[in-house]
Amino acid sequence: MVVSAGTGKRTREVLGAVDATQFASGAYTLILEARDAVGSASTITQLIRMDGSAPEVSVSSDVQEVDSKKYITFTVGATDDVGVTTRRLIIDGKTYYPNASGVVSVHMTKAGVFEVVAEAVDAAGNVGRASMTVTVRDTIKPEVTFSAPANNASIGAVTDIYANIRDQDSPSVEWTLT
């Protein structure tokens with residue numbers, strides 16, 4: 001198989017490219033031969049390992065439903081024939097890195113249903129993924145206070161009603177004034 005060929009005086013540039021996904025995983029020998037105008041030649045070889053396969057990844061948790069402000073412990077498993085170099089967990093746009101055993105505890109501060117994506121990268125740069133969902137329940141009631149008019153106030157005209165509404169773990173609050 002010829003990857004590429006060319007001519008020139010001296011070069012330190014890309015000589016060619018090999019798509020590892022087009023070959024079976026395993027060892028291959030690159031052979032580079034250079035021949036000058038008078039026929040003198042040099043040949044070198046270099047061993048490379050093709051790996052077009054992503055790591056196999058799994059993700060699990062100790063619970064799949066939890067109250068807000070609690071922790072969930074996740075386990076990211078990954079195997080690969082070349083070796084896994086990085087494992088990470090992505091939840092709601094934030095990245096967490098498990099310990100050497102693949103375990104990470106995440107403080108779930110926001111209510112909702114979240115996709116949890118586990119990724120593993122192997123020594124060749126291939127990325128494998130697995131996902132699951134977890135539900136974080138909203139257990140904190142909204143804080144509601146009237147700020148105007150005062151309690152038991154007498155009003156005799158059109159009066160604006162003011163209130164403070166706050167919720168610690170929900171992105172929005174619906175309200176009704178009756």
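Relevant structure appears above.
Because the structure is a prediction, the values reported are computed rather than measured. (Residues numbered from 1 in each chain as written. Predicted model: local features only at pLDDT ≥ 70, side-chain atom pairs only at ≥ 80, totals over all residues. Heavy atoms only, no water.)

Here's the deal with the sheet that holds strand β7 (residues 94-96)
One open sheet holds the five strands; their spatial order is β4-β10-β9-β6-β7, and the pairing between them is mixed. Looking at strand neighbours, the two that pair on one side only are β4 (65-67) and β7, the edges of this open sheet. Strand-to-strand twist of the sheet, defined as the mean angle between neighbouring strand axes without regard to direction, takes the value 30°. Summarising the sheet, strand β6 (residues 84-91) and β7 pair through three bridges and their orientation is antiparallel. (Pairing = 2+ DSSP bridges. Helix = DSSP H or I, 4+ residues; strand = E, 2+ residues; numbered from the N terminus. Axes fitted to C-alpha atoms, helices over the stretch in contact; angles between N-to-C directions.)

Things to note about the pattern of salt bridges
A side chain of one charge can pair with a side chain of the opposite charge if their charged atoms are brought near each other. The tally for this structure, following the rule as stated, stands at seven salt bridges. One salt bridge in this structure joins R35 and E33, with 3.2 Å as the shortest N-O distance. Where E119 meets R88, a salt bridge forms, and the shortest distance between an N and an O atom there is 2.7 Å. In this pair, E119 sits in strand β9 (residues 112-122) while R88 sits in strand β6, placing the two residues 31 residues apart along the sequence. One salt-bridge network, held together by shared partners, links E65, D67 and R137. (Salt bridge = Lys/Arg side-chain N within 4 Å of Asp/Glu carboxyl O.)

Focus on the pairing of β6
The sheet contact formed by β6 and β9 spans seven bridges and is antiparallel. Across the sheet, residue L89 finds its bridge partner in β9, namely A118. Between β6 and the antiparallel strand that follows it, β7, lie two residues; D92 among them carries a positive phi value of about 50°.

As for the sheet that holds strand β8 (residues 103-108)
Strand order in this open sheet of three strands is β3-β5-β8, and the pairing throughout is antiparallel. Across the chains shown, the open sheet's two edge strands, defined by having one partner strand only, are β3 (56-61) and β8. Across the sheet, the mean angle from the axis of one strand to that of its neighbour is 25°, orientation sign disregarded. Relative to strand β5 (residues 70-79), β3 runs antiparallel, the two being bridged by six bridges. Across the sheet, residue V59 finds its bridge partner in β5, namely V76.

Considerations on the packing of aromatic side chains
In total, this model carries one aromatic pair according to the counting rule given. Both rings, one in F23 and one in Y28, keep their centres 5.5 Å apart while their planes meet at 70°; by these two values the pair is edge-to-face. F23 sits in the partly exposed class, given a relative accessible area of 25%. (Phe/Tyr/Trp six-rings, centres within 6.5 Å; stacked < 30°, edge-to-face > 60°. Buried < 20%, exposed > 50% of the residue type's maximum accessible area, 1.4 Å probe, protein only.)

So, unusual backbone geometry
The omega torsion across A148 and P149 is -5°, close enough to zero to call that bond cis. Not every positive phi belongs to a glycine, and K69 is a case in point at roughly 75°. The residue K69 is located in the loop between β4 and β5 in this model. Of the residues examined, K69 reaches a relative accessible area of 32% and is grouped as partly exposed. With phi around 65°, N152 is a residue other than glycine that occupies positive phi space.

Things to note about the nonpolar core
Grouped together as the largest cluster of nonpolar side chains are 19 residues, with contacts concentrated most on F74, L89, I91, M108, V116 and V134. Listing elements by their share of this core, those giving two or more residues are β3, β5, β6, β8, β9 and β10 (127-137). For M108, the contacting residues outside a window of four places in its chain are V66, S68, K69, K70, I72, I91, F114, V134 and V136. (Core = buried A, V, L, I, M, F, W, Y, C linked by side-chain atoms within 4.5 Å. Contact = heavy atoms within 4.5 Å.)

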